[in-house]
Amino acid sequence: MTTVELRFSAQPEHVRTARLVAAAVARRAGVDEAVLDEVRLAVGEACSRAVGLHRSHGITSPIKVVLTEEDKTFSIEVGDEVSGGPGGDASQGGAAGSYGGADDETDGEDDMGLAVISGLVDDVEVSSTEEGGVIRMSWPTTPVSVVP
């Protein structure tokens, strides 16, 4: 199992870097070339949402992106440190997309972001704890054949 961890400050200009790193690691892991655009878009959406959450809640800690290559799977986790995170406020049992205290406009953007990610990725999980939220996405890989 190979893991790459990326942390960046909650600035929108860093989302592009996260997308590029995710695509490069996905390619190396053996994700099909036809799917790399979906990987880029999904990671960009998840990172943009995390940046927006940090900025709207005044959180200065970095966004965390973990890219993991396993046997036949490549996964990406994008984490924020907003209590209740993507899955809603854990203490209030919120639905996906509601962020304990976020306004209606932000809720709509969050719901749209989750819808976009769900449309791009077949295997996506959204969870939250008191420490923050995580969007976990995964794609199948094909073994990279080495030509002698």
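Up top is the structure these notes are about.
What comes next is a walk through the structure.

Quick notes on the rules
- Residues numbered from 1 in each chain as written.
- Predicted model: local features only at pLDDT ≥ 70, side-chain atom pairs only at ≥ 80, totals over all residues.
- Heavy atoms only, no water.
- Salt bridge = Lys/Arg side-chain N within 4 Å of Asp/Glu carboxyl O.
- Helix = DSSP H or I, 4+ residues; strand = E, 2+ residues; numbered from the N terminus.
- 1 Å grid on protein atoms, 1.4 Å probe; cavity = no way out; pocket = protein on both sides within 12 Å on 5 of 7 lines; lining within 4 Å.
- Points joined across faces, edges and corners; volume = space filled by probe spheres on them.
- Nonpolar A, V, L, I, M, F, W, Y, C, P; charged D, E, K, R; others polar.
- Pairing = 2+ DSSP bridges.
- Axes fitted to C-alpha atoms, helices over the stretch in contact; angles between N-to-C directions.
- Contact = heavy atoms within 4.5 Å.
- Core = buried A, V, L, I, M, F, W, Y, C linked by side-chain atoms within 4.5 Å.
- Buried < 20%, exposed > 50% of the residue type's maximum accessible area, 1.4 Å probe, protein only.
- Patch = residues over 30% accessible without salt bridge, like charges linked within 9 Å, V, L, I, M, F, W, Y side chains within 5 Å.
- Areas by Shrake-Rupley, 256 points an atom, 1.4 Å probe, with all protein chains shown as cover.
- Lys, Arg positive; Asp, Glu negative; His and termini not counted.
- Charge placed at Lys NZ, Arg CZ, Asp CG, Glu CD.

Quick look at the pattern of salt bridges now. As a working rule, side chains carrying opposite charge can pair if their charged atoms are close by. In total, this model carries five salt bridges according to the counting rule given. Arg 136 serves as the salt-bridge partner of Glu 77, at 3.5 Å between the closest nitrogen and oxygen. Remark: Arg 136 occurs in strand E5 (residues 132–140) and Glu 77 occurs in strand E3 (residues 73–79); sequence separation between them is 59 residues.

Turning our eyes to something else, we now look at the layout of surface pockets. Of the voids in this model, the largest pocket is the one considered here, and its volume is about 220 Å³. Forming the walls of the largest pocket are 16 residues, and the residues nearest its centre are Lys 64, Gly 79, Asp 80, Gly 133 and Val 134. The residue makeup of the lining of the largest pocket, split by class, is four nonpolar, six polar and six charged. Roughly 160 Å³ of internal volume is contained in the second largest pocket. Surrounding the second largest pocket, 14 residues form its lining, Val 35, Asp 122, Ser 138, Trp 139 and Pro 140 being those nearest its centre. Considering each element in turn, the lining of the second largest pocket owes the most residues, three residues, to E5. The residue inventory of the lining of the second largest pocket, partitioned by class, reads six nonpolar, four polar and four charged.

With that settled, consider the sheet that holds E5. Whenever strands of a sheet pair, they do so through backbone hydrogen bonds, lying parallel or antiparallel. The strand order across the open sheet built from five strands is E1-E2-E3-E5-E4, with neighbouring strands paired in antiparallel fashion. Two strands bound the open sheet, and with one partner strand each, they are strand E1 (2–8) and strand E4 (123–129). Going from strand to strand, the sheet's axes swing by 15° on average, the running direction of each strand aside. Alignment of E1 against strand E2 (residues 63–69), held across seven bridges, turns out to be antiparallel. Its bridge partner lying in E2, Val 4 is registered against Leu 67. Across the sheet, helix H2 (residues 36–56) touches E1, E2, E3 and E5, and the angle it forms with E5 is around 175°.

Here the focus is the nonpolar core. Grouped together as the largest cluster of nonpolar side chains are 30 residues, with contacts concentrated most on Phe 74, Ile 76, Val 78, Met 137 and Trp 139. Those elements that place two or more of their residues in this core are E1, helix H1 (15–29), H2, E2, E3, helix H3 (104–120) and E5. The residues touching Val 78, leaving out its near neighbours within four places in the chain, are Ala 46, Cys 47, Ala 50, Ile 63, Lys 64, Val 65, Gly 133, Val 134, Ile 135 and Met 137.

A few words now on a negative patch on the surface. The grouping of Glu 38, Asp 122, Asp 123 and Glu 125 at the surface amounts to a negative patch. By secondary structure assignment, the location of Glu 125 is in strand E4.

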